[in-house]
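# Remarks on the overall topology
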Amino acid sequence: MSFLEVRGLSKSFGGVNAVNAVSLDLKEGELLALIGPNGAGKTTCFNMLYGQLKPDEGSVKLNGRELIGQTPRKIWRMGVGRTFQITATYASMTVMENVQMALISHHRGIFSVWPPASRRHRPEARALLELVGMESQAERAASVLAYGDLKRLELAIALAHSPQLLLMDEPAAGMAPKERVGLMQLTADIVKERNIGVLFTEHDMDVVFSHAHRVLVLNRGEILADGSVEEVRANPRVQEVYLGGGSTFGEQGAGSEEGVDKEGMADA
Amino acid sequence: MDFFIVQILTGLSNAAALFLVASGLSIIFGVTRVVNFSHGSFYMLGAFIAYSLMTVLPGFIGFWASILLAGVAVGVIGLIVELGVLRPIYKSPELFQLVATFGVILVIQDLALLIWGPDDLIGQRAPGFEGVVKIGDQLLPSYDLVLIFLSFLVLGGLWFLFNKTRVGILVRAATQDREMVGALGVNQSWLFSGVFFLGSALAGIGGAAQLPKGGADLLMDFNILAPVFVVVVIGGMGSIPGAFVAALLISELNVFGVQFLPQSTLVLMFVVMAVVLIFRPWGLFGRPEIVGSHGSQGPPEAPLRAFSGRLWLALAAAVIALTAVPFFGGTFLQVLLADVIIACLFATSLHFILGLGGLVSFGHAATFGGGAYAAALLVQFSGASMELAMLFAPFAAGLLALVIGWFCVRLSGVYFAMLTLAFAQVVWSVAFQWGEVTGGDDGILGIWPSAWASGTTAYYYLVLTVGLSGIATLLFMAYTPFGYALRGGRDSALRSEAIGINVRLVQWSAFIFAGFMSGLAGALFVFAKGSIFPTELEIARSFDALIIVFLGGVQSLFGPLAGGVVFTLLQDWLSRFEYWRLFLGLMIIGIVILLPNGLVGVGQWLRGRFGGPSNKLEEAQEEAG
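Nothing here was measured: the structure is a model prediction, and the numbers come from that model.

This next bit is on the overall build of chain A. Along its length, chain A carries 10 helices and 10 strands. The principal-axis extents of the C-alpha atoms in chain A amount to approximately 60 × 45 × 35 Å. Among the 268 residues that make up chain A, the fraction classed as buried is 56%. Summarising the internal contacts of chain A: among those between residues at least 6 apart in sequence, 67% fall at separations of at least 24. Surface summary for chain A: the accessible area is close to 11100 Å², and the carbon and sulfur share equals 49%. Across chain A, the centroid of the 28 positively charged side chains sits 9 Å from that of the 33 negatively charged ones.

Put into structure tokens, the structure is as follows:
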């Protein structure tokens, strides 16, 4: 059952059709990758889904409720979480406080004065940090974290209000290969455990092919292919767009052993 | 009809100086991203230097050569300021740059006093343009036509420079993308120095050219600053046509305002600005600012820590010591300490929005003076008691902050700074112009405490109780979710919006709360002095709070307290000298360049250097990665 229905989403900048009649569905427990070459319209799609950009046409329905025209704040309240391509966290707060802020906002406590912020929702925040494997760094300042840890922290923040939908813009960008696999594996586990839907964009095909349940290929603002990892990989038109992606699409270059492993798990 | 033509021409000629100063400010900002608060001082120097040159160079040639030479001289002074003051701090947070240029204002004020004396100088009339021209039955000084010609000449010259010359195109390119221009092999240092020279020279010529109309005096610097900020905010920062149109608009408005609404000329200007800002927050000809395009924010602040046992002990000791002061200290000490506490409350309220919220307000005096005036007016007109007036003042100041904040939180960075300054000038101009109610320049006198609090010691205890409660409330608020949300909005507005926090609403509320507390400080002040004058609303008063916050260290909760103590004592001592502004200005510049973390930063550095309980564990962890 799809809880997210995107229909005919379009946006043009000047004469350029950045996104043209994009439609997609997302089910609970599904990890959907949105891929495409540079300039394909991935980020534009994302920004429209999250209310940062107003589409020219189209609708985005979450459980039948329209998201278009809502502010990012409202969309967040409706149960959509988001992580950013370049992490956005509070540098002057501890890891724990970063998560606590999301929880305080979720419980509508921003304008309250007692108890102090750092004493609120601690067990909940700790549980979220445990979920992403950051509990040992809870009291460190966010400004001193390694980039991979910041990404994990962002994931914990995004999960604080138990979203039904999680939007992740290039979650693995800027991370070491090992960290990428770890983060995507973690995301896949959370998807399964919490039965939420995740839509993510990604440039790294290893990450996409080894973790996504379904892949949507965007090219020049239009959907080129939509299907399972195997279908998309075998699609000649996709191969053409990604020409130069090299062995990624070939039989012999099916990624690292690890990649195959993960793919098997994700499909299961 | 003739009347209107003459009025329009008068407006045009008044616009000349405003346009020259505003375009200079705009050009400098466009390339260096520094809002030069001392630009008004360059304007003033232009007038003074031209005055001196005209006494040496006689005749027709001498007059015009003096204007030109004054421009060059001010350009060179601007260059010295750029090389000596700004070059070391281009990479610092923008607040540092703003404060440094304020230091320059103080230095120039005293140097001008030293060289030209305190008296207003009357400018020589322009040879050949002493007379008037007749338009119908109306008269217009012929020099006005010269000024109109001059502003069109400069507009045309700047257009030519920026569109037809290689250097001009490089400057425009640098306005859009400094790094790219650097990557193309252009020496940025030269470009920065060049625009600083040009911008300063324009301000100097502006000051020199209006000499026959307005003369030269020591208030010119602050007097031009607010209208110039209004002009660049309306026209759009970095846009020369914008500066021209806005200067024209403001000047015409003034000329016709004097005819039809003489009581409200100063306010009128700000009404127009407010209207423009509602519809185009980035000005008529400006571009919307790109988030994060301002100067760096500096190193991230350390997370807030709960008060340690030792800190509680130290605070308790300080309170006990302050309580004990009347038992051993004389009247002088009590009055001085009351001043210190009031300054600390005022500065802590500014720190709340500036330090925690990243909202660099340059008009915090509006709520301080606003609260003081509210209390004084209530006593004056309703004969209310001190208690009632003190209760009323913070709410009045909060209401003022509510209105001002509604406009200001729509902008950020230097725009926010300029706008708060401009609004503070509105409040000042109301107090100054509305003589029947506020007493104008004469202020309101005879606002004394109730009988029970009228003794020095009694009032000291009142200030101690109310002031420390206010400071404690502000510190407490930093630890609440509201205080955290304020810091969050400063750290990453993007993240705040993505977890459902309305950043603007939080900032607006903080602005109101800070205004409330600043108004309380104002109320304590007015009953301590027994009177209130428009000076408490002046730019200089806003800067006092800024300097205290800055001196103490922006990133420290206790910074404003350390700064308040040091600044008030220092000012008390320095103001006994004739040229105390010079010392203060040089000191500010020195601190900005040498001690960017303020007094508290120095304390931390000393502790880290010479042992004590530093965070060795945390450091070790960080080194281990």
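The next subject is the domain arrangement of chain B. Residues and elements named next belong to chain B. Domain annotation of chain B identifies domain 1 (2-218) and domain 2 (329-539). When each unit is reduced to the centre of its C-alpha atoms, the spacing between domain 1 and domain 2 is 34 Å. Contacts between the two partners involve 6 residues from domain 1 and, on the opposite side, 9 residues from domain 2. Of the roughly 730 Å² buried between domain 1 and domain 2, counting both surfaces, carbon and sulfur atoms make up 90%. It is Phe37, Glu94 and Leu95 that lose the most area in domain 1 upon contact with domain 2, and together they represent 52% of the buried surface on that side. Here domain 1 is connected to domain 2 by 0 salt bridges.

Next up on the list: the nonpolar core. Ranked by internal contacts, the top residues of the largest apolar core, which has 298 residues, are A:Met101, A:Phe200, B:Phe37, B:Phe229, B:Met273 and B:Phe527. The element contributing the most residues to this core is helix H14 (residues 331-356) of chain B, with 15 residues. A domain-level breakdown of this core finds at least three residues from each of domain 1 (2-218) and domain 2 (329-539) of chain B. In this structure B:Phe229 touches B:Leu25, B:Val35, B:Phe37, B:Met418 and B:Leu421, once residues within four positions along its chain are discounted. If you look at the next biggest cluster of nonpolar residues, it comprises 6 residues, including B:Leu12, B:Ile135, B:Leu140 and B:Ile148.

Taken together, the contacts link 33 residues of chain B with 38 residues of chain A. Of the roughly 2900 Å² buried at the junction of chain B and chain A (both faces included), carbon and sulfur atoms supply 64%. Scanning the region where chain B abuts chain A turns up 2 salt bridges. Across the pair A:Glu154 and B:Arg495 runs a salt bridge, and its minimum N-O distance is 2.9 Å.

All names here are of chain B. Summary statistics for chain B give a mean pLDDT of 88 and a share of 96% for residues scoring 70 or more. Of all the helices and strands in chain B, helix H27 (residues 616-624) carries the lowest mean pLDDT, 44, while helix H22 (residues 503-529) carries the highest, 97. Under a pLDDT of 50 for its full length, residues 291-296 has, in the predicted model, 12 contacts with residues more than four places off or in other chains. Per-residue pLDDT stays below 50 along residues 612-625; that stretch engages in 8 contacts with residues further than four places along the chain or on separate chains. In the predicted complex, the global pTM is 0.87; the interface-specific ipTM is 0.87.

This part takes up the packing of aromatic side chains. The geometry of an aromatic ring pair comes down to the distance between the two centres and the angle between the two planes. Residues and elements named next belong to chain B. This structure, assessed with the given rule, holds 33 aromatic pairs over all chains. Aromatic side chains Tyr90 and Phe192 sit 4.9 Å apart centroid to centroid with 85 degrees between the ring planes, which places their arrangement in the edge-to-face category. Pair noted here: Tyr90 is in the loop between helix H3 (59-86) and helix H4 (94-116) and Phe192 is in helix H8 (residues 188-209), with a separation of 102 residues, a long-range link. On the accessibility criterion, Phe192 (6% relative accessible area) is buried. Here Phe416 and Phe511 contribute two aromatic rings whose centre-to-centre distance is 6.0 Å and whose plane-to-plane angle is 90 degrees, an arrangement assigned as edge-to-face. Here Phe416 is found in helix H17 (residues 413-433), whereas its partner Phe511 is found in helix H22, with 95 residues between them in sequence. For Phe511, a relative accessible area of 7% puts it in the buried group. Each member of the aromatic cluster is reached from another via a ring pair, and the members are Phe37, Phe102, Phe229, Phe362 and Phe543. Positioned above the aromatic ring of Trp406, the side-chain terminus of Arg410 is 4.9 Å from the ring centre.

In helix packing, the relevant descriptors are the interaxial angle and the interaxial distance, both defined with respect to the helix axes. All names here are of chain B. Orientation of helix H2 (residues 39-56) relative to H8, taken along the N-to-C sense of each, is 55 degrees, at an axis distance of 7 Å. Taken together, H2 and H8 sit at an angle that is classed as oblique. Between H2 and H8 lies a crossing whose hand is right-handed. In contact with His39, Phe42, Tyr43, Gly46, Ala47 and Ala50 of H2, H8 contributes Phe196, Gly199, Ser200, Ala203, Gly204, Gly206, Gly207 and Ala208. Classifying every residue of the contact of H2 with H8 by side-chain character gives 7 nonpolar, 7 polar and no charged.

Parameters at a glance
- Along each chain, the written sequence defines residue order, and numbers are assigned to residues from 1.
- Whichever chain is written first is A, and whichever ligand is written first is 1; the rest continue in order.
- This being a predicted model, a pLDDT of at least 70 is required before a residue's local features are given, and a value of 80 or more before pairs of side-chain atoms are given or counted; all residues contribute to the totals for chains, interfaces and linings.
- Only hydrogens and water are removed before side-chain values are computed, so all heavy atoms of the structure are retained for them.
- Counting from the N terminus, the helices are DSSP H or I runs at least four residues long and the strands are E runs at least two residues long.
- Only protein chains enter the calculation, and the probe is 1.4 Å; a residue is then buried if its accessible area is under 20% of its type maximum, exposed if over 50%, and partly exposed in between.
- Whether two residues touch is decided by their heavy atoms; if any such pair falls within 4.5 Å, the residues are in contact.
- Using a 1.4 Å probe, the Shrake-Rupley method yields the accessible areas, and only the shown protein chains count as cover for residues.
- Working convention for charge: Lys and Arg count positive, Asp and Glu count negative, and His plus the chain ends are omitted.
- Each charge is placed at NZ for Lys, CZ for Arg, CG for Asp and CD for Glu.
- Per the annotation, domain bounds derive from an automatic or database assignment of domains.
- What counts as buried area is the accessible surface, traced by a 1.4 Å probe, that two parts surrender upon association, with contributions from both included.
- Counted as salt bridges are all cases of a side-chain nitrogen of Lys or Arg within 4 Å of a carboxyl oxygen of Asp or Glu.
- Nonpolar core, defined: a set of buried Ala, Val, Leu, Ile, Met, Phe, Trp, Tyr and Cys residues in which side-chain atoms within 4.5 Å join the residues together.
- What pLDDT conveys is the predictor's confidence in a given residue, as a value from 0 to 100.
- Centres within 6.5 Å make a pair out of two Phe, Tyr or Trp rings, where for Trp the six-membered ring is used; the pair is then stacked when the planes are under 30 degrees apart, edge-to-face when over 60, and tilted otherwise.
- As a reminder, the over-ring test applies to NZ of lysine and CZ of arginine, requiring each to be within 6 Å of the ring centre and within 35 degrees of the ring normal.
- Axis definition: a line fitted to C-alpha atoms, limited for helices to the stretch in contact. Angles are taken between N-to-C directions and run from 0 to 180 degrees.
- Should an angle fall under 35 degrees it is taken as roughly parallel, and over 145 as roughly antiparallel, whereas 65 to 115 is taken as roughly perpendicular and any remaining angle as oblique.
- For any helix crossing, the convention is left-handed if the near helix is rotated counterclockwise from the far helix by under a right angle, and right-handed if that rotation is clockwise.
- Classes in brief: Ala, Val, Leu, Ile, Met, Phe, Trp, Tyr, Cys and Pro nonpolar; Asp, Glu, Lys and Arg charged; the others, Gly included, polar.

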